[in-house]
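Each chain is listed here by its residues.
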Amino acid sequence: MRILVLAKHVPDTTEIRFSPTGELMVRQAPTKVNDYDRHALEEASRLRESGAEVVIASVGPPEAAKTMKEALAYGADRAVLAGGAWVADADPEAMAEVLAAIARRQGPFDLVLAGDVSEDGYNALVPGLLAAKLGTPYVRGATALGVGAASVKVTRLIGDVEEEVEVALPAVISVTRLLNSPRVISTMAVMKVPMSKVETVDLGELGLDPAAFAPGALSTRLSAVRPVQSKRGNEMLRGEPAEIAAELAAKLRGMGVL
Amino acid sequence: MAASAGPRALLAASSPHYVYMPGLPGAFHWLIYVALIVCLVVAAWLFNRRVRAAGVSPAELAHGLREIASKGPGEALAVVGAEVFGQRRVRRRPYAGLMHLLIFGSYGMLTLGTVLIAVQHDFTGRFFGVTFLNGNFYLVEKALLDTAALGLLAGVAMAAWRRLAIRPVTLGARPTVVVAYAALAVMAATGLLLEAMRELAYPVSWSHWTYAGHLVALAITPLVGRLNLGAYQATWVVHVIAAFTFMGGALATALDHVVLVPLNIALQSSRAPGELRLPFNLAELLESGGDLEGVSSGFANPSELDWKRRFMLASCVNCGRCEEVCPANAAGRPLSPRKLVQALKGDLLSPSDGAGDLFARGVLDTDTVWSCLSCGACARECPAFIDQPETIVEMRRHLVEEGNVDEAKALVLAQLERNQNPLGLPSYQRFARLAEAGVPTIEENPGAEYLYWVGCMSSYDQRAWGVAGAVISLLRLAGVDFAVLGESERCLGECQRKLGDEAGFQMRSMEIAETLRSHGVTKIVTHCPHCLVTLGRDYRSLGMEFEVVHHSELVQSLLAQGRLPTPKSWEGGKLTYHDPCNLGRLSGVFDAPRGLAASVAGESFVELERSREKSFCCGAGGSNYFYKVPAQESVSGLRLGQAQAAGASTVATACPFCLSMLEDAARTAPGGQGPRVADLAELLAEALGLEATAAP
Ligand code: SF4
Ligand code: SF4
């Protein structure tokens with residue numbers, strides 16, 4: 001079995017802030033493997049233990065090579081990172097196009113695993129678009145996987161209903177954070193991954209036309225980012241515990257919470 | 001020879017002097033030498049077998065000892081002297097201490113006495129005609145040796161009583177050890193008996209100096225008619241056989257510790273308490289561009305350990321002193337350092353079947369290694385100088401390298417990477433509060449005398465903010481020139497290291513040291529003992545030198561210099577002080593905080609039973625602040641209970657983690673609100689009427 005895992009290099013959202021002048025400060029934020037993708041990596045690495053070959057595909061800036069090492073440390077054979085100046089403005093469509101090119105060039109793959117969404121874009125589009133481009137079925141939101149030789153059973157959670165879908169391979173599956181608990185990757189484990197396992201490719205090497213990826217040629221574009229003030233407040237209640245409890249209950253009732 | 005010369009008249013007439021083996025054939029003394037050689041060969045063979053069972057070759061051991069010798073053996077000798085000859089740690093237990101002292105001290109004296117005889121008879125006397133076992137020296141020596149014989153009998157009686165009657169769970173009474181004790185007892189008893197027989201057969205005027213033998217002589221006088229040379233010689237033979245049975249065979253019994261422990265103490269002597277040995281130096285490793293494959297910071301199985309650590313584990317005498325003082329054990333966590341060391345030792349000597357690491361094979365449970373607080377209480381008690389907390393961290397490293405840790409621990413490690421603090425709060429908020437309080441950064445005040453290292457707790461934790469506020473107020477009042485790193489401060493990684501991410505810790509330390517150097521920082525003050533040991537001792541072991549003081553030391557010296565006024569009155573009732581492990585036991589800072597406490601509370605200061613070196617952890621050490629382990633009670637609750645039992649209405653501490661743990665325990669103390677918990681700096685600032693800068 002050959003498995004392709006999509007793993008994205010993203011900034012850490014807990015470290016992103018707006019500057020006093022209202023600009024989004026992403027640059028200074030530390031970067032990492034998209035948390036949702038870690039679950040896909042973990043699942044793939046478990047399948048690898050029973051003989052599967054695992055290739056990681058990603059689109060990202062040159063610094064993403066370091067992130068690929070971390071992704072490889074979960075247990076994968078190699079990673080292919082597509083990059084270039086166009087990456088900064090790439091939309092989900094462009095990303096899926098490039099990832100499809102990687103999948104074809106490195107393929108065929110029986111199974112493509114990806115995190116359900118990426119923490120930076122939050123579009124949840126790339127896996128679906130990729131499936132469309134590869135002409136395979138797509139199931140999103142897996143909470144459990146049963147991978148067979150010719151098909152995969154996917155468990156999904158919809159509200160409080162669980163459904164099981166069986167889909168023929170090859171297929172693209174996006175996974176949720178309920179799927180598994182990814183192992184911790186120690187600093188040493190990352191350092192032990194040789195850089196030679198990360199192959200960087202550009203559009204030309206993938207047989208794609210760079211002109212189609214120029215900023216003007218893309219169908220969507222991020223035009224603005226603004227902070228939104230959420231209404232949150234706090235109030236300190238003081239006094240004896242019994243008084244505080246009574247006051248708190250009254251307030252909650254007043255808000256309609258109780 | 002004296003024996004052949006032995007007429008009574010000659011003996012009776014002369015002044016006190018040693019007479020060599022009267023009444024024994026001359027060949028006997030050569031037989032003793034032959035027996036000695038046989039005995040030493042047997043002992044050496046047993047020793048070889050013993051250390052090889054632990055996977056240590058005598059050559060390695062010899063090499064280790066040579067290494068100590070070449071580095072200057074002073075320290076090792078001093079430690080061995082204090083611990084082996086002074087029995088420093090052994091003495092801490094009254095019964096076992098006295099027993100060891102009696103056996104070890106008496107046996108040592110008796111051996112020395114015998115050696116002196118051999119030296120006089122076969123060396124100085126034989127070749128130079130010089131004798132020294134004469135006159136008053138000889139008389140005193142004889143009296144001492146009699147005392148030693150009695151002491152040895154008493155010690156062996158105590159040992160037998162302990163193993164056979166008291167029977168602590170940790171001590172067995174295997175036949176081998178019973179034989180060894182019997183041999184010692186027979187040796188001492190026949191020694192006295194021989195003295196008595198000799199006195200009766202060859203009376204001398206000074207026989208009351210050998211008072212014990214003299215008493216035996218009085219007791220056996222009625223039998224004197226039946227005494228003949230044969231009985232006397234037979235007793236001699238029994239005496240010699242008993243002595244050599246013990247000397248040659250002890251290493252085959254539980255008494256092998258008499259050799260293993262002193263050697264281990266010598267091998268471990270140069271280590272600071274709580275110091276973790278470097279499995280590698282990452283900077284050097286990266287510089288050499290070496291292959292990282294196969295590099296590991298921990299151990300999956302005890303057989304992988306280097307020989308020094310294997311020897312260390314093999315030295316455990318199963319005494320249970322570590323278990324007795326272990327706070328994790330007291331709280332009913334699944335950890336007893338004794339059982340842990342014994343399990344590793346057992347697995348080392350006869351590995352259990354099965355594949356995988358020691359956890360997979362059921363030698364230990366992962367909860368056991370996560371229960372440890374790295375408090376060092378056990379290591380301080382261990383008479384065999386076994387480093388339990390280090391061994392535990394080395395197993396944690398293995399688990400982390402394998403990715404075999406639960407989400408809570410994984411989260412702490414991830415947050416350290418992302419947010420540069422273990423609490424998972426944004427790095428850009430670290431300095432927010434102090435910036436508001438107008439605390440200068442090192443950029444704003446370059447060349448400040450002290451860099452104040454604030455640490456994660458006081459940067460983020462609502463309660464611990466107060467500590468930083470108080471320290472800053474005090475430093476300002478005393479006119480200390482200081483600055484902080486501000487937003488570029490980040491976790492020093494103490495928790496990361498204790499969690500087992502050694503490479504991550506070293507990586508971090510290189511980066512932080514670089515930041516500090518780039519600002520020309522040399523002197524650092526911190527109120528966090530975890531930061532103190534990391535920036536001080538741990539960075540030094542990585543080759544990065546900073547002068548780091550704890551706020552209690554700095555503030556105490558400011559008080560002493562009169563740069564801070566002494567507060568006038570104290571209304572907080574009885575004040576006690578909880579020694580944070582990292583500050584007290586592991587850094588040796590005991591007096592400065594007490595000085596501070598005394599200047600705040602004066603006569604109202606009370607010591608806890610477990611104070612100073614014996615302090616009891618608050619429950620946060622070894623990264624335990626950040627995750628939970630199964631337990632019957634909380635460690636912090638136990639510690640707070642000890643403070644309550646001492647009648648304290650205020651518990652002072654000097655560590656933001658202790659503060660948080662103990663305050664939490666006080667909040668949930670049985671019987672309502674427990675004592676007040678505060679940092680010493682907070683108490684002093686308050687007593688001086690200072691508004692804590694940045695207090696919430
Ligand atoms: S370091 Fe402390 S908690 Fe850990 S085993 Fe030793 S005494 Fe117990
Ligand atoms: S580790 Fe040390 S203190 Fe603990 S049982 Fe063994 S010898 Fe005794």
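Rules and cut-offs
Residues numbered from 1 in each chain as written. Chains lettered and ligands numbered in written order. Predicted model: local features only at pLDDT ≥ 70, side-chain atom pairs only at ≥ 80, totals over all residues. Heavy atoms only, no water. Phe/Tyr/Trp six-rings, centres within 6.5 Å; stacked < 30°, edge-to-face > 60°. Lys NZ or Arg CZ within 6 Å of the ring centre and 35° of its normal. Near = heavy atom within 4 Å. Helix = DSSP H or I, 4+ residues; strand = E, 2+ residues; numbered from the N terminus. Contact = heavy atoms within 4.5 Å. Buried area = accessible area lost by both parts, 1.4 Å probe. Salt bridge = Lys/Arg side-chain N within 4 Å of Asp/Glu carboxyl O. Polar contact = N/O pair within 3.5 Å; in protein donor to acceptor, adjacent residues only side chain to side chain. Domains from an automatic or database assignment. Buried < 20%, exposed > 50% of the residue type's maximum accessible area, 1.4 Å probe, protein only. Pairing = 2+ DSSP bridges. Right-handed = clockwise from strand over helix to strand, strands pointing away. Core = buried A, V, L, I, M, F, W, Y, C linked by side-chain atoms within 4.5 Å. Nonpolar A, V, L, I, M, F, W, Y, C, P; charged D, E, K, R; others polar.

Here's the deal with the packing of aromatic side chains
Residue and element names in this part refer to chain B.
- Taken as a whole and assessed by the stated rule, the structure comprises 16 aromatic pairs over all chains.
- Between tyrosine 18 and tyrosine 20, the ring centres sit 6.2 Å apart and the planes meet at 75 degrees, which makes this aromatic pair edge-to-face.
- Here the aromatic cluster, defined as three or more aromatic residues joined through ring pairs, consists of Tyr18, Tyr20, Tyr138 and Trp206.
- The cationic tip of lysine 409 hangs over the ring face of tyrosine 627; the distance from NZ or CZ to the ring centre is 4.6 Å.
- Between arginine 433 and the ring centre of tryptophan 465, over which it is positioned, the NZ or CZ distance is 3.9 Å.

Considerations on the site of ligand 1
- The environment of ligand 1 is formed by 13 residues, the closest being Cys326(B), Cys372(B), Leu373(B), Cys375(B) and Cys378(B).
- Elements that contribute at least two residues to the shell around ligand 1 include exactly helix H15 (327–330) and helix H18 (377–381) of chain B.

Quick word on the interface of chain A and chain B
- At the junction of the two partners, chain A supplies 17 residues and chain B supplies 26 residues.
- Carbon and sulfur atoms supply 56% of the area buried between chain A and chain B, which totals about 1,800 Å² over both sides.
- On inspection of chain A and its partner chain B, the count reaches three salt bridges.
- Here chain A and chain B share nine residue pairs in polar contact (both at pLDDT 80 or more) between them.
- For the side of chain A that touches chain B, the elements supplying multiple residues, two or more each, are helix H1 (35–49) and helix H5 (187–192) of chain A.

Digging into the domain arrangement of chain B
- You can read the domains of chain B as domain 1 (26–263), domain 2 (295–404), domain 3 (419–559) and domain 4 (566–687).
- Each of domain 1 of chain B and domain 4 of chain B has a C-alpha centre, and the two are 48 Å apart.

With respect to the pairing of strand S7 (residues 650–653) of chain B
Residues and elements named next belong to chain B.
- Of the two faces of S7, the one lined by Thr650 and Ala652 and the one lined by Val651 and Thr653 are each fully buried.
- Where strand S5 (residues 575–577) meets S7, three bridges bridge the pair, whose relative direction is parallel. When the sheet's bridge partners are listed, threonine 576 is paired in S7 with valine 651.
- The parallel pair S7 and strand S8 (residues 676–679) is bridged by helix H30 (residues 656–667), and the resulting crossover is right-handed.

Comments concerning the pairing of strand S1 (residues 450–453) of chain B
All names here are of chain B.
- The alternating pattern of S1 places Tyr450 and Tyr452 and Leu451 and Trp453 on opposite faces, both of which are buried.
- Relative to strand S3 (residues 523–526), S1 runs parallel, the two sharing three bridges. Among the inter-strand pairings, tyrosine 452 is bridged to a residue of S3, identified as valine 525.

Some words on the nonpolar core
- Core analysis: the biggest nonpolar cluster contains 156 residues, and Met395(B), Trp453(B) and Leu516(B) have the highest contact counts within it.
- Setting aside residues up to four positions removed in sequence, Trp453(B) forms contacts with Leu485(B), Glu489(B), Arg490(B), Leu492(B), Ile512(B), Leu516(B), Ile524(B), Val525(B), Thr526(B), His527(B), Cys531(B) and Leu535(B).

Observations regarding the site of ligand 2
- Neighbouring ligand 2 are 13 residues; Cys316(B), Cys319(B), Gly320(B), Cys322(B) and Cys382(B) lie closest to it.
- Class assignment for the residues of the shell around ligand 2 results in eight nonpolar, three polar and two charged.

Quick word on the environment of Leu110(B)
Residue and element names in this part refer to chain B.
- Within the secondary structure, leucine 110 is located in helix H6 (residues 94–128).
- Accessibility expressed as a relative area gives 18% for leucine 110, which makes it buried.
- The spatial distance from the C-alpha of leucine 110 to the C-alpha of tyrosine 33 is 17 Å, given a sequence separation of 77 residues.

Quick word on unusual backbone geometry
All names here are of chain A.
- Of the consecutive residues glycine 107 and proline 108, the connecting peptide bond is found in the cis state with omega at 0 degrees.
- For proline 108, the location among the structural elements is in the loop between helix H3 (92–106) and strand S8 (111–115).
- Omega for the peptide link from leucine 169 to proline 170 comes to -5 degrees, which places this bond in the cis form.
- Take proline 170: it is sitting in the loop between strand S11 (161–168) and strand S12 (171–175).
- Notably, tyrosine 122 is not glycine yet its phi reads approximately 60 degrees, a positive angle.
- In this structure tyrosine 122 comes out as exposed when scored by relative accessible area, which is 51%.

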